[in-house]
Amino acid sequence: MKKDFLYQEISQNIARLIKNNVLKAGDRLPSVRMLCTAHGISMNTAKRVYLELEGQSLIESKPQSGYFVSGRQKLLPLPETSRPLPAGSEEEPEQLIARVYDNMGKPGLTLFSIGVPDQRLLPVARLNKEMIQATRRLSGGGTAYEELQGNEKLRLAIAARSFSWGGSLREKDIITTAGGMNALSFSMMAVSKPGQTIAVESPVYPGILQLARSLGLRVLELPTHPRTGIEPDALKKVLPQIHLCLLVTNFSTPLGSCMPDTHKREVVKLLAERNIPLIEDDLYGDLYFGNSRPSCCKAYDKTGHVLWCSAVSKTLAPGYRVGWVAPGRYKEQLLQLKLSHAISSSAITQEVVAGFLESGRYDHHLRKMRRTLQHNCDHYTQTIAGHFPPGTRTGRPQGGLTLWVELDKRINTTDLYASAIRQHISIAPGRMFTLQQQFENCMRLCFGLPWTDELQRKLQQLGRIAAMQL
């Protein structure tokens, strides 16, 4: 492991012990020399570990005494479980969404608002090399149509990786798509008709709301916990009213919640008993901070009613538009929709991603990226705890790209957005993530930006702007 990331892994392990209260305030940490011996690292690397932890206010040094767990670090309360109205008005905040997403690509803006990894976190040079090799491998350099179901090598690699989340997919079970939203779109069209009702989390990614509305679906938002996702009991109550369900089961945006295995199993069972399709958006499952990848609802699917969707848009190459779906019993409907709407997926980008997965470079990249994202998330939560106004609450994601922040109820984050953008800071106001009048005091922040002193100053400045709204 490279030195640059070894120190991060050690510091994150110590930080986890502190946050889990294994190491308590006032506990003395090993000396720099002892840390060197224990981990086989240099003095400079050991010092860097402790400097990193000091920067997060997790430890403090005492002259002539050593390093101790600080009593100063602060863990803010969790946001409240959402309570959407059972039959709320469906009012899409189109203008607000357009204003926020119009900021993409504008120079000089700090984009806390856009939930994609910064290109500096992506293996661009390696992808470029893989692109050259892909053009050499493909007939016509990738100019020919790909087969309808998609690149076979890519589907084989995706099927092999399903073992990591408890699945047992085969390449023939998978259809490739032009990104994750395309997978969701085909899935919704395959299992629904205009006028039917779809159940989703609340809050939920605005693209899902816009897609559902464009297909003529009614949206039913479900109560959602910031750590564990939707409440199965709440889903059970609305089963007679819904025709399909769409859930972001692992590290959802914007909450960052991850459904426990018991909840996933129960949800699959409840929906199967009523023959209700479940579209599972697993876009963030590979971005876990723990020791193993979380399972998917598809792992508990015995009837084929779960349509498992994913992509590399949040992990490898957003612009490549490579996604896929394992549609279960709805495979023929998906293939017909793809034939009608797309004919073929992009041959060259599929081949590039297939080569990256097959070679093992993808897993190497993910390990590095996950460490960076966890490092960033820890910095965000500590900075917010120290510089945002009283009454602030934050999520505690164990993976993904985004942090949900709940402010004092007197603060309207749409107004906060207007004030922040004048200071060249862009946020995603909470009202974007619902069709109801809720989450006006909330916002989503993306921690997929490289952590720098300048970024920390911008986050501190955002806290000062929020305080001025009181």
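Residues numbered from 1 in each chain as written. Predicted model: local features only at pLDDT ≥ 70, side-chain atom pairs only at ≥ 80, totals over all residues. Heavy atoms only, no water.

Chemist: When you look at the packing of helix 4 (residues 94-101) against helix 14 (residues 413-421) in this model, what are you seeing that I'm missing?
Modeler: In helix packing, the relevant descriptors are the interaxial angle and the interaxial distance, both defined with respect to the helix axes. Where helix 4 contacts helix 14, the two axes come as close as 12 Å, and the packing angle between them is 30°. With respect to their mutual orientation, helix 4 and helix 14 come out roughly parallel. Once helix 4 is placed against helix 14, the crossing between them reads as left-handed. In contact with Leu96, Arg99 and Val100 of helix 4, helix 14 contributes Thr414, Tyr417 and Ala418. Residue composition of the contact of helix 4 with helix 14, grouped by class: 4 nonpolar, 1 polar and 1 charged. (Axes fitted to C-alpha atoms, helices over the stretch in contact; angles between N-to-C directions. Helix = DSSP H or I, 4+ residues; strand = E, 2+ residues; numbered from the N terminus. Parallel < 35°, antiparallel > 145°, perpendicular 65-115°, else oblique. Left-handed = near helix turned anticlockwise from the far one by under 90°. Contact = heavy atoms within 4.5 Å. Nonpolar A, V, L, I, M, F, W, Y, C, P; charged D, E, K, R; others polar.)

Chemist: How should helix 6 (residues 152-161) be read in this particular structure?
Modeler: The α-helix advances 3.6 residues per turn, and as a result positions three or four apart in sequence lie on the same side. Taken together, the buried positions of helix 6 are occupied by Leu154, Arg155, Ala157, Ile158 and Ala159. On its buried face, helix 6 is in contact with strand 4 (175-177), strand 11 (306-311), strand 12 (323-326) and helix 12 (347-359). For helix 6, the capping residue at the N-terminal end is Asn151, with a side-chain oxygen 2.9 Å from the backbone nitrogen of Lys153. (Buried < 20%, exposed > 50% of the residue type's maximum accessible area, 1.4 Å probe, protein only. Polar contact = N/O pair within 3.5 Å; in protein donor to acceptor, adjacent residues only side chain to side chain.)

Chemist: Please clarify how empty space enclosed by the protein should be interpreted in this entry.
Modeler: Taking a probe equal in size to a water molecule and rolling it over the atoms shows the remaining empty space. Within the structure shown, the criterion is met by 1 cavity of 30 Å³ or more. Roughly 130 Å³ of internal volume is contained in the largest cavity. Around the largest cavity sit 15 residues that line it, and Arg161, Asp286, Arg293, Trp308 and Trp324 are the ones nearest its centre. Contributing elements (two or more residues each) for the lining of the largest cavity: helix 6 and strand 11. Among the residues making up the lining of the largest cavity, the classes are represented as 8 nonpolar, 3 polar and 4 charged. (1 Å grid on protein atoms, 1.4 Å probe; cavity = no way out; pocket = protein on both sides within 12 Å on 5 of 7 lines; lining within 4 Å. Points joined across faces, edges and corners; volume = space filled by probe spheres on them.)

Chemist: Please explain the environment of Leu235 as it appears in this structure.
Modeler: Take Leu235: it is sitting in helix 9 (residues 232-238). Once the C-alpha coordinates of Leu235 and Thr434 are considered, the two residues, 199 residues apart in sequence, prove to be 17 Å apart. In this view, Leu235 contacts Leu222, Ile230, Ile242, Cys245, Val267 and Leu271; residues no more than four positions away in its chain are not counted.

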